[in-house]
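Fold and contact review
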Amino acid sequence: MAASQASSEPVPSSKPATKRSLLSSLMEATAGATAASNVPDSSPSFKEDTYLLSTLKSSEQKALRELKKLLSASPTPVSMWGVPLAPSAPGDDRADVVLLKFLRARDFDAVQAHDMLLRCAEWRREFGADGVAEEEMVGLKELEGVVAYMHGWDRRGHPVCYNAYGVFRDKAVYERVLGDPEKLQRFLRWRIQVMERGIRLLQLRPGGVNSIIQVTDLKDMPKRQLRAASNHILSLFQDNYPEMVTRKVFVNVPWYFTVMYSMIGPFLTERTKSKFVIAREGHVAETLYRFIRPEFVPVQYGGLSRPGDLQNGPPKPATEFTIKGGERMSLEIDGIEVNSSPLVFSGWP
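Residues numbered from 1 in each chain as written. Predicted model: local features only at pLDDT ≥ 70, side-chain atom pairs only at ≥ 80, totals over all residues. Heavy atoms only, no water.

1. A look at the packing of helix α3 (residues 94–105) against helix α4 (residues 110–127)
The relative placement of two packed helices is expressed as an angle between their axes plus a distance between the axes. To keep it simple, the criterion reads: The convention used is that axes are lines fitted to C-alpha atoms, helices contributing only their stretch in contact, and that angles between N-to-C directions extend from 0 to 180 degrees. Strands are runs of DSSP state E lasting at least 2 residues, helices are runs of H or I lasting at least 4, and numbering of each runs from the N terminus. Handedness of a crossing is defined here by the sense of rotation of the near helix relative to the far one, left-handed for an anticlockwise turn of less than a right angle and right-handed for a clockwise turn. Here, two residues are considered to be in contact whenever any of their heavy atoms come within 4.5 Å of each other.
Running from amino to carboxyl end, α3 crosses α4 at an angle of 115°, the nearest separation of the two axes being 8 Å. Here the hand of the crossing between α3 and α4 comes out right-handed. Listed contacts from α4 to Leu 99, Phe 102, Leu 103 and Ala 105 of α3 are Ala 110, Ala 113, Met 116, Leu 117 and Cys 120.

Structural data, given as structure tokens:
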């Protein structure tokens, strides 16, 4: 058991079609989250990619050399996330990290990785992705800190992105934000902005923090209405942000999602399954605490971090301790506000 305290911080469809859509979305989310893989902490046989050349197999090192050779023939300079790739800067090992992400996304096929990388570079030029992080998204202020936002870090230093789309059950909000194709494109640009800001928090260095964690809240998510937006987001992320997400944590998961996952689980590879952590309603805090310290978990998920807390510097570290069965302990808890989530006692291996 652990306890924590701190003083800071649409098209109608039939049921079978809906099931196929949900299953497809689950599989696509897996592909989109293909990161240098982690499994939950209880499965130590899988480790996150360090991007150290010394850890690569000989075939993987060969593929990296082949990709660099293909890029060297590029008639125009290629860079991504501020990292020069063609030509690469001498001694800049950030290029290896970026190239290895594309290679892993294409099973170390250098030709396919090269094609993917060039398509991504072209999309970034057309989309203006390098400057989107600084843009002022007029009319989308209400989504900040609610629908998709970066907040804190996990226990290993990965930035955490939270996603919650339940607000779109309100028809007025849906129409205001996603009601027509022009609004949808603006929303997609805003969602890319959140991703780009998250990537700026990464080190993109061998042995460093090179991916983020995504926490997706499925509570009240209107699946049918968000199908078009979800498909667009998944497609953009799969094609242009390979290996940028090391783990996807789904919280407040409805029963049918769990049932479907149990059905398809045996057909997924261990590496693919390692991307998912699923928490039913009532188990959110204890699941997030496995990966994220309580002082960085938002209060609505049973943590201690309130909006704006992290803008004032690092929060006061939460105190975590073990209480054995049958023991009694008196606790003095500061910083719990009225209407905030209750302090949660939780346990994990």
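Moving on from the coordinates now.
2. Here's the deal with the packing of aromatic side chains
Just so we agree on the cut-off: Only the six-membered ring of Trp is used, alongside the rings of Phe and Tyr, when aromatic pairs are assigned; centres must lie within 6.5 Å, and planes under 30 degrees apart are stacked while those over 60 apart are edge-to-face, with the rest tilted. Think of it in three bands: residues with accessible area under 20% of the maximum for their type are buried, residues over 50% are exposed, and the middle band is partly exposed, with areas taken using a 1.4 Å probe on protein chains only. In this scheme, the term charge over a ring applies when either NZ of a lysine or CZ of an arginine sits within 6 Å of the ring centre and within 35 degrees of the ring normal.
Enumeration over the complete set of coordinates arrives at eleven aromatic pairs. A centroid spacing of 5.8 Å and a plane angle of 85° characterise the contact between Trp 153 and Phe 296, whose relative ring orientation is edge-to-face. Separated by 143 residues along the polypeptide, Trp 153 in strand β3 (residues 148–153) and Phe 296 in the segment after α10 (284–291) bring together distant segments of the chain. Looking at Phe 296, the relative accessible area reads 15%, which means it is buried. A centroid spacing of 5.9 Å and a plane angle of 90° characterise the contact between Phe 168 and Phe 187, whose relative ring orientation is edge-to-face. Here the residue Phe 168 occupies a position in the loop between β4 (159–164) and α5 (171–178), and Phe 187 occupies one in helix α6 (residues 181–199), the gap between them amounting to 19 residues. Like Phe 187, Phe 168 is buried. Taken together, the ring pairs in this structure connect Trp 81, Trp 123, Phe 127, Phe 237 and Tyr 241 into an aromatic cluster. In this structure, Arg 189 is placed above the aromatic ring of Phe 127, and the distance from its NZ or CZ to the ring centre is 4.4 Å.

3. A word on the confidence of the model for the protein chain
Detail in the predicted coordinates should be disregarded across regions flagged by low pLDDT. To keep it simple, the criterion reads: For every residue, the predictor assigns a confidence score, pLDDT, that lies between 0 and 100.
The predicted model of the protein chain has a mean per-residue pLDDT of 82, with 80% of residues at 70 or higher. Looking over the protein chain, one finds the lowest element-wise mean pLDDT in helix α1 (residues 15–32), namely 41, and the highest in α4, namely 98. Low pLDDT, under 50, characterises residues 1–46; the stretch is placed with 134 contacts to residues that sit more than four places away or in other chains. Every residue in residues 338–342 is under pLDDT 50, and counting partners more than four places away or in other chains gives five contacts.

4. Quick word on the side chain of Asp 49
Where we set the bar: Each polar contact in these results corresponds to two N or O atoms within 3.5 Å; when the atoms are within protein, one needs to be able to donate a hydrogen and the other to accept it, and residues that are neighboring in sequence are counted only if both atoms are side-chain atoms.
Along the chain, the position of Asp 49 falls in the loop between α1 and α2 (58–72). There is a polar contact of 2.8 Å between the side chain of Asp 49 and the backbone nitrogen of Tyr 51. Of note is the side chain of Asp 49, whose polar atom sits 2.7 Å from the side chain of Arg 104.

5. Observations regarding the pairing of strand β5 (residues 212–217)
Rule in force here: Strand pairing follows a simple DSSP-based rule, namely that at least 2 bridges must link the two strands.
In terms of burial, β5 is largely enclosed, as six of its six residues are buried. Of the two faces of β5, the one holding Ile 212, Gln 214 and Thr 216 and the one holding Ile 213, Val 215 and Asp 217 are both buried throughout. Relative to strand β6 (residues 245–253), β5 runs parallel, the two being bridged by six bridges. Bridge pairing in β6 links Asp 217 to Val 251.

6. Let's talk about a negative patch on the surface
To be explicit about the condition: Residues with no salt bridge and a relative accessible area higher than 30% make up the patches, which join like charges within 9 Å and nonpolar side chains (Val, Leu, Ile, Met, Phe, Trp, Tyr) within 5 Å. Accessible areas in this description were obtained via Shrake-Rupley with a 1.4 Å probe; residue shielding takes into account the shown protein chains only. Just to be clear on terms, a salt bridge is a Lys or Arg side-chain nitrogen sitting within 4 Å of an Asp or Glu carboxyl oxygen. In this count, Lys and Arg are taken as positive residues and Asp and Glu as negative ones, while His and the chain termini are left out. Charge positions are represented by NZ for Lys, CZ for Arg, CG for Asp and CD for Glu.
Residues Glu 66, Asp 107, Asp 109 and Asp 115 make up a contiguous surface patch of negative charge. You can see Asp 115 is positioned in helix α4. Classification of Asp 115 as partly exposed rests on a relative accessible area of 37%.

7. A few points about the nonpolar core
Test applied: In this description, a nonpolar core means a group of buried Ala, Val, Leu, Ile, Met, Phe, Trp, Tyr and Cys residues linked to one another through side-chain atoms lying within 4.5 Å.
Ranked by internal contacts, the top residues of the largest apolar core, which has 69 residues, are Leu 85, Phe 168 and Phe 187. Residues contacting Phe 168, with those up to four places away along its chain left out, are Leu 143, Val 147, Val 173, Tyr 174, Val 177, Leu 178, Phe 187, Pro 222 and Leu 226. Counting 19 residues, the second-largest nonpolar core is a separate cluster that includes Tyr 162, Ala 164, Ile 213 and Ala 279.

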